[in-house]
Amino acid sequence: MTERTESEERLARPLVHLARLVGVATSYVGMSDDYHEIDDDVLVAVLAALGIDASSDTAIKDSIRRIHDERRGRLVSPTVLHIVGREDSVLINTPILAVPSASITLENGEPYEGTLQIGPGDGSQAYVINDQFIATAAVNLPADLPVGYHTLHVTVNGRQQDATLISAPDKVELLDPMKGGHLWGWMAQLYSIRSADSWGVGDYEDLRRMVIEAKAKTDADFILVNPLHAAEPVSPLTPSPYLPVSRRFVNFTYIRPEAIEEFGLLDDQARAEVKSLHEGVEPLNGDTQLLDRDAMWRNKMRALWAIFKAGRSAARQAQFEAYKASCGEELEAYATWCLCYDKWGAPNGQPDNWEKTYTKNSPEITALRGQYPDTLDFYRWMEWIASEQLEGAQRAAREAGMRIGIMADMAVGVHPTGADVWWNPERFAKGATVGAPPDMFNQQGQDWSQPPLSPIDLENTGYRTYRNMVHGMFAQAGAVRIDHILGLFRLWWIPEGKPATEGAYVHYDADIMLGILALEASRAGGVVVGEDLGVVPEYVADSLSSHGILGCAVEWFEQFDGVFRAPSDWRPYALASVNTHDLPPAAGYLEYEHVTLREQLGLLTGPKEDFERSARAEHKAMMSMLVDNGYLDPALLDDEKANEWQIVESLYRALKGSPCKLLAASITDAVGEKRAQNQPGTNNEYPNWRIPLADGKGNVVPLEDLFDNEHLQRIAGIMNA
């Protein structure tokens, strides 16, 4: 097929018209510049996931009419975006000759005292609903409207409707040191870095120590960590941090029991019990092959229960009560889901499972909450403690002098049977999951198994789900990295029962979601990074830059037609790194670990020889770029194996040569680790997210020695030069 756009005949088809009307793309251009048109059965299934019937010609016609009636029948859109400092306007629907009025209640509950002018609309043709002609008018939104989540009230002929009015800054301002230069930091998988006091898995107390020592010993200004979203309450725990049960809350399995204030209230017997439980998993800290989260959590959870049952002082109980009140129903959702999971077992997708048969309003759920009030409160308490410890780590980072501190990572979505989906199923699409179409790295496409947020529900609820999540993350971090930020613009929806190759892009209102990011980041004095790798249209990069959101520049990906770009030519508005968690560390990549691994796991769609040939050509092109730009002595290439460390260091000298506002050095690169943390396209075929931190010889690297490591210090020296 040579066409690059859809024909007029195709665009005129009612099914295609319906899909495009609600933001479902009916064609796309892939990473290899290949053009695709979406099959009818895929479009029908994606529309069904949105709650729109396209099962027949009649249904399509009825759906188109219903959508138009809904949009023109409402007085105002449910969510409106305003940019602070600009005069904007919002369209309202009004019967011809009616006199509309509008007012604004500010976020603090006070009325906006300025005057709102009503002017002419967009001049569109009047629309007939119930024999009444509906035209448009426009409410001006003044430039002096303050930042915040306000409410716009529109009244026409005694009928009133409200809209969430999001008044956001036009962009996220760069931190002062980034305006004329850059900041640098480390990338780390928290779970993989253990100290002698860990319970077999890195935890929040380890993170607190990491940020302090990273600043003191390497002068880094941030640590980018894996997602710390909420997980299951009991074993087995899902290894992937990118498949959480809730993005609103944090993972309480990372709690350090001994760092809880109430640990000091334990009597001798309880303290001895906690010590014994710790000693039972302490040997796990020396395992270099595989992390055992389940063994860790079985012991740690018993220790936490002992501390919880010891009680709290009146002042601490008051703090706990205040926390519960501030979280409201969202905390009840997660705690209740945890209680059900605890007492009735894991959601398993079966029709008779509690997750399928009961909702939050079922009497059986009310009865269970009443039967186990202490256990329910225990889950609320663990979330409070986890939040405290994570916030404490961020506070320690800033007190140590870090300009950013923790850079949190936001996963694309949540587990299909998790707390968020179970408590509020209306927020998610039904019968579709999120993924990615085929590209050069994943030739079979990807299905991440996560149900996408419904763009319809987001608009109807003022994006409250997204707002609360972003706000919560900035309460515990100085920056937020958004995995697959393309998802704020469009997401690849895969209908249930279809392979990842048979999906369609569904569009979201990126302006509103980026506005929320700018609002929350500005209030926190924070930074936003968007992972914009893979198939990303040009307009996305332009939009991110205009909003002050940094993209990502990965050295191994900065190539075109087999030639690597000089780092000096990279875009400034980016977080630059040598690699990502989906690739082997630098030493492993140089030794073609990715070729061996993909061949072993059956992830290649062609002969291994072809992939290996392309990998060797890529390797040679990278060495040429490093040599040509003065980062690598060509004599070192005579024996790459013997000079591997010097080549790794040259990759970081090149990174330092970029104009990017943020630079990130990988902890795994710095200690010589060669194993990938994750291999996309696999589940249990490879131990994803379960690789402990080790050096190139397979020796564990404990946190106590990490920032004194000779090679790590040399990488830090390059970054500080």
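Residues numbered from 1 in each chain as written. Predicted model: local features only at pLDDT ≥ 70, side-chain atom pairs only at ≥ 80, totals over all residues. Heavy atoms only, no water.

Draft legend 1. Focus on the domain arrangement of the protein chain. Partitioning the protein chain into domains gives domain 1 (8-70) and domain 2 (85-168). Spacing between the C-alpha centres of domain 1 and domain 2 amounts to 31 Å. (Domains from an automatic or database assignment.)

Draft legend 2. Inspection of a nonpolar patch on the surface at higher detail. A surface patch of nonpolar side chains, about 430 Å² in accessible area, is lined by Ile96, Leu97, Val128 and Phe133. Accessibility expressed as a relative area gives 81% for leucine 97, which makes it exposed. (Patch = residues over 30% accessible without salt bridge, like charges linked within 9 Å, V, L, I, M, F, W, Y side chains within 5 Å. Areas by Shrake-Rupley, 256 points an atom, 1.4 Å probe, with all protein chains shown as cover. Salt bridge = Lys/Arg side-chain N within 4 Å of Asp/Glu carboxyl O. Buried < 20%, exposed > 50% of the residue type's maximum accessible area, 1.4 Å probe, protein only.)

Draft legend 3. Local environment of the environment of serine 192. Following the sequence through the fold, serine 192 ends up in the loop between β11 (183-188) and α6 (204-218). Distance in space between the C-alpha atoms of serine 192 and glutamate 531 is 22 Å, their sequence separation being 339 residues. If we ignore the near neighbours within four places in the chain, the residues touching serine 192 are Leu291, Ile691, Pro692 and Leu693. One polar contact links the side chain of serine 192 to the main-chain carbonyl oxygen of glutamine 189, over a distance of 2.7 Å. (Helix = DSSP H or I, 4+ residues; strand = E, 2+ residues; numbered from the N terminus. Contact = heavy atoms within 4.5 Å. Polar contact = N/O pair within 3.5 Å; in protein donor to acceptor, adjacent residues only side chain to side chain.)

Draft legend 4. Representation of the sheet that holds strand β9 (residues 148-156) in the model. The 4 strands lie next to each other as β3-β10-β9-β5, forming an open sheet whose pairing is mixed. Only two strands of the sheet have a single neighbouring strand rather than two, namely β3 (79-83) and β5 (101-105). Sheet twist, expressed as the average angle between the axes of neighbouring strands with direction ignored, equals 30°. Bridge count for β9 against strand β10 (residues 159-168) is 9 bridges, and the pairing is antiparallel. Residue histidine 150 lies in a different strand from β10, and its bridge partner there is leucine 165. (Pairing = 2+ DSSP bridges. Axes fitted to C-alpha atoms, helices over the stretch in contact; angles between N-to-C directions.)

Draft legend 5. Region of the structure containing the environment of alanine 272. With respect to the secondary-structure elements, alanine 272 resides in helix α7 (residues 268-281). Residue classification places alanine 272 among the partly exposed residues on the basis of a relative accessible area of 45%. Residues alanine 272 and asparagine 130 lie 142 residues apart in sequence; the distance between their C-alpha atoms is 75 Å.

Draft legend 6. Just the sheet that holds β11, in detail. An order of β21-β18-β15-β12-β11-β26-β25-β22 is seen for the 8 strands of this open sheet, with the pairing classed as parallel. If you trace the sheet from one side to the other, it starts and ends with β21 (527-530) and β22 (551-554), each paired once. Shown here is a sheet whose adjacent strand axes are inclined to one another by a mean of 25°, direction ignored. Bridge count between β11 and strand β26 (residues 662-666): 5 bridges; the pairing is parallel.

Draft legend 7. Expanded view of the packing of aromatic side chains. Counting across every chain of the model gives 26 aromatic pairs. Measuring from centroid to centroid gives 5.0 Å for tryptophan 305 and phenylalanine 378, while their planes differ by 85°, and the two rings are edge-to-face. Taken together, the positions of tryptophan 305 in helix α8 (residues 293-309) and phenylalanine 378 in helix α13 (residues 373-400) put the pair 73 residues apart, joining distant regions of the chain. Each ring, one from phenylalanine 308 and one from tryptophan 381, has its centre 5.4 Å from the other, and the planes form 55°; the classification is tilted. With phenylalanine 308 in helix α8 and tryptophan 381 in helix α13, this residue pair connects regions lying 73 residues apart in the sequence. Overall, phenylalanine 308 belongs to the buried group, its relative accessible area being 6%. Overall, tryptophan 381 belongs to the buried group, its relative accessible area being 0%. The ring of tyrosine 149 has arginine 467 lying over it, and the distance from NZ or CZ to the ring centre is 4.1 Å. The ring of tyrosine 505 carries arginine 490 above its face, with NZ or CZ at 3.7 Å from the centroid. (Phe/Tyr/Trp six-rings, centres within 6.5 Å; stacked < 30°, edge-to-face > 60°. Lys NZ or Arg CZ within 6 Å of the ring centre and 35° of its normal.)

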